[in-house]
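Residue-level structural notes
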Amino acid sequence: MQFDSKLPDVGTTIFTVMSRRALEEGAVNLGQGFPDYPIDPRLSQALIDVVAEGRNQYAPMEGVIELRQQIAGKLQVSYALDVDPQTEITVTCGGTEALYDAVQAVVRTGDEVIIFDPAYDSYEPAVRLAGGRCVRIPLQPPAFRFDWERVQGALTDHTRLIIINSPQNPSCSVADASDLESLAALIRDRPISLLADEVYEHVLYDGRRHASVLAHPELRGRSFAVFSFGKTLHATGWRIGYCVAPPAMTTELRKVHQFNTFSIVAPLQHAVARYLEHFPDAWTGLSAFFETKRDLLAGLLRGSGFEPLPAAGTYFQLVDYGALSREADAGFAERLVREAKVATIPLSPFYAAPPAMTLLRLCIAKRDETLRAAAERLRHFAAGIRERV
Ligand SMILES: Cc1ncc(COP(=O)(O)O)c(C=O)c1O
């Protein structure tokens, strides 16, 4: 039998591909976004404790109540929000599952979903599997700002969902309060829901503050907001995320969630809950932590030919290699992993129609030694190119 793919053009994600290439080449991996330093030992200990205590059976479908209460407390501290853990918070398998569930809960055959390029790679496949179609609008370089007039022009009677991501991966740009105002005005009289990917909510630089859709009263009433303890607790492999949405939307999201993963690893949920109970400010220093790393890497690369772009948030740093080569980014990234022994992520896979650009994404969630080693290799590689020219 010939098997007919529902996603014929979707291959293995660029993150997996580059991590595999990094292993094959023995390269320093600044590609896929994950820390190479240990998690807080107190979080590890919490997991050991809850397993020993026997919290090893199915968790409730919507998430263990202790964790949902901690999340509600965190939302209160972060954004002065009153969120009901019973009806408005669902624990998911990472932010990825929350994104997928929200899309399945909203999008029907023929619906249009607006997303912004460069876009995180899970959005479009989720929309297509739901029978919808993505309308992709580029963020405006060089600062990757929203063009709200263009969004207005793209709205149709079929538009059902807009997905925004702030802080934005991979552009490292951040939406501000005026962006949320513009968005609210555009969708005010339309039956459009919002899916806000806020997994980098605590990683904003230079004194910026995160503008959560949840803190915007009008947007909150029609939004799924997605968060990730993978990012917040440096534990991407734990796959603990959550979605906050009004009760009626949460009910629909949970219908998808319960037949997707049903419930999330019980001891991991209990461990995060216990950790936050004892260390409720565990996440408050994240911006400063990553800002130091951003400044370290950017400082080491400036003037090398890999020019750092301004980064307002996320744990990534874009660099422009245009002074070294006009080669397309995928080929150049492959050359870097092979010859410089540094894995990076090209930007073109984040676009439906990639513009001509010479940008690579580097992950800064790495030990300082890793960042120094990568910068040293990149500088050496760039110097080699410059000598030959
Ligand atoms: C923008 C964005 N959204 C969602 C996710 C997925 O988060 P999680 O690892 O919690 O599934 C990521 C992870 O890299 C991300 O960068």
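Right, let's walk through the structure included here.

So, the sheet that holds strand β5 (residues 159–165)
- If you walk across this open sheet you meet the seven strands as β2-β8-β7-β6-β5-β3-β4, and the pairing is mixed. Bordering the open sheet on either side are β2 (89–93) and β4 (133–138), each of which pairs with just one other strand. The mean angle between the axes of side-by-side strands here comes to 25°, regardless of whether they run parallel or antiparallel.
- Relative to strand β7 (residues 223–228), strand β6 (residues 193–197) runs parallel, the two sharing four bridges. Across the sheet, L194 pairs through a bridge with S223, a residue of β7.
- The strands that helix α3 (residues 65–79) touches are β2 and β8 (240–244); relative to β2, the one it contacts most, it runs at about 110°.

Description of the packing of aromatic side chains
- Applying the stated criterion to the full structure yields 19 aromatic pairs.
- Between Y315 and F316, the aromatic rings sit 5.3 Å apart at their centres with planes inclined by 75°, giving edge-to-face as the arrangement. Taken individually, Y315 and F316 each receive the classification buried, so the pair is uniform in this respect.
- Ring centres of Y321 and F332 lie 4.0 Å apart, and the angle between their planes is 10°; this geometry places the pair in the stacked category.

Observations concerning the site of the ligand
- In the neighbourhood of the ligand, 13 residues make up the surrounding shell, with T96, D197, Y200, S228 and K231 lying closest.
- Separating an oxygen atom of the ligand from a side-chain N or O atom of Y200 is a distance of 2.7 Å.
- In isolation the ligand offers 390 Å² of accessible surface; the protein chains occlude 93% of this area.
- In terms of residue count, helix α4 (residues 94–106) provides more of the shell around the ligand than any other element does, four residues in total.
- Looking at side-chain class alone, the shell around the ligand contains four nonpolar, six polar and three charged residues.

Details of the pattern of salt bridges
- Within this structure, the stated rule accounts for 30 salt bridges.
- What emerges from the salt-bridge pattern is a single network uniting R20, R21, E24, E25, E327, E334, R335, R338, E339 and K341.

Let's talk about the packing of α3 against helix α11 (residues 266–278)
- Direction vectors running N to C along α3 and α11 enclose 40°, while the axes themselves pass 8 Å from each other. When the axis of α3 is compared with that of α11, the two are oblique. As α3 runs across α11, the sense of the crossing is left-handed. Note on element contacts: α11 touches α3 through Q269, H270, V272, A273, L276 and E277, opposite E66, L67 and Q70.
- Looking at the contact of α3 with α11 residue by residue, the classes come out as four nonpolar, three polar and two charged.

Focus on helix α7 (residues 177–187)
- Residues of α7 that are buried include every one of D179, L180, L183, A184, L186 and I187, and no others. Down the axis of α7, the buried side of the element spans an arc of 160°, and every buried residue falls inside it.
- In this fold, the buried residues of α7 make contact with α6 (148–154), β5, β6 and α8 (217–220).

Examining helix α13 (residues 329–340)
- Those residues of α13 not exposed but buried are D329, F332, A333, R335, L336, V337 and A340.
- Those residues of α13 hidden inside the fold are in contact with α1 (14–25), β11 (342–343), β12 (345–346), β13 (359–363) and α14 (368–388).
- Within two residues after α13, K341 carries a phi angle of roughly 60°, on the positive side.

Notes on the pairing of β6
- Summarising burial for β6: five of the five residues are buried, a large majority.
- Side-chain alternation along β6 places S193, L195 and D197 on one buried face and L194 and A196 on a second face that is also buried.
- Alignment of β5 against β6, held across five bridges, turns out to be parallel. If you follow I164 over to β6, its bridge partner there is A196.
- This β-α-β element, β5 to α7 to β6, shows right-handed connectivity.

Brief notes about the environment of S348
- Residue position: S348 is located in the loop between β12 and β13.
- Assessed through its relative accessible area of 19%, S348 is described here as buried.
- Between the C-alpha atom of S348 and that of I14, which follows or precedes it by 334 residues, the distance is 10.0 Å.
- Sequence-distant contacts of S348, defined by excluding residues within four places in its chain, comprise D329 and P354.
- At a separation of 2.7 Å, a polar atom in the side chain of S348 contacts the side chain of D329.

Regarding the state of the cysteines
- A full pass over the atoms with the stated rule returns zero disulfides.
- Counting only cysteine sulfurs, C243 is the nearest neighbor of C93, a cysteine outside any disulfide, at a range of 14 Å.
- By relative accessible area, which is 27% here, C93 ends up partly exposed.
- Here C172 stays unpaired: no disulfide links it, and the sulfur of C363, its closest cysteine neighbor, is 10 Å away.

Observations regarding the environment of V244
- Here V244 is to be found in strand β8.
- The class of V244 is buried, set by a relative accessible area of 2%.
- Expressed as a C-alpha distance, the spacing of V244 and V83, which sit 161 residues apart in the sequence, is 8.2 Å.

Conventions used here
Residues numbered from 1 in each chain as written. Predicted model: local features only at pLDDT ≥ 70, side-chain atom pairs only at ≥ 80, totals over all residues. Heavy atoms only, no water. Pairing = 2+ DSSP bridges. Helix = DSSP H or I, 4+ residues; strand = E, 2+ residues; numbered from the N terminus. Axes fitted to C-alpha atoms, helices over the stretch in contact; angles between N-to-C directions. Contact = heavy atoms within 4.5 Å. Phe/Tyr/Trp six-rings, centres within 6.5 Å; stacked < 30°, edge-to-face > 60°. Buried < 20%, exposed > 50% of the residue type's maximum accessible area, 1.4 Å probe, protein only. Near = heavy atom within 4 Å. Polar contact = N/O pair within 3.5 Å; in protein donor to acceptor, adjacent residues only side chain to side chain. Areas by Shrake-Rupley, 256 points an atom, 1.4 Å probe, with all protein chains shown as cover. Nonpolar A, V, L, I, M, F, W, Y, C, P; charged D, E, K, R; others polar. Salt bridge = Lys/Arg side-chain N within 4 Å of Asp/Glu carboxyl O. Parallel < 35°, antiparallel > 145°, perpendicular 65-115°, else oblique. Left-handed = near helix turned anticlockwise from the far one by under 90°. Arc of directions from axis to C-beta. Right-handed = clockwise from strand over helix to strand, strands pointing away. Disulfide = S-S within 2.5 Å.

Any functional reading would require information beyond the geometric quantities listed.
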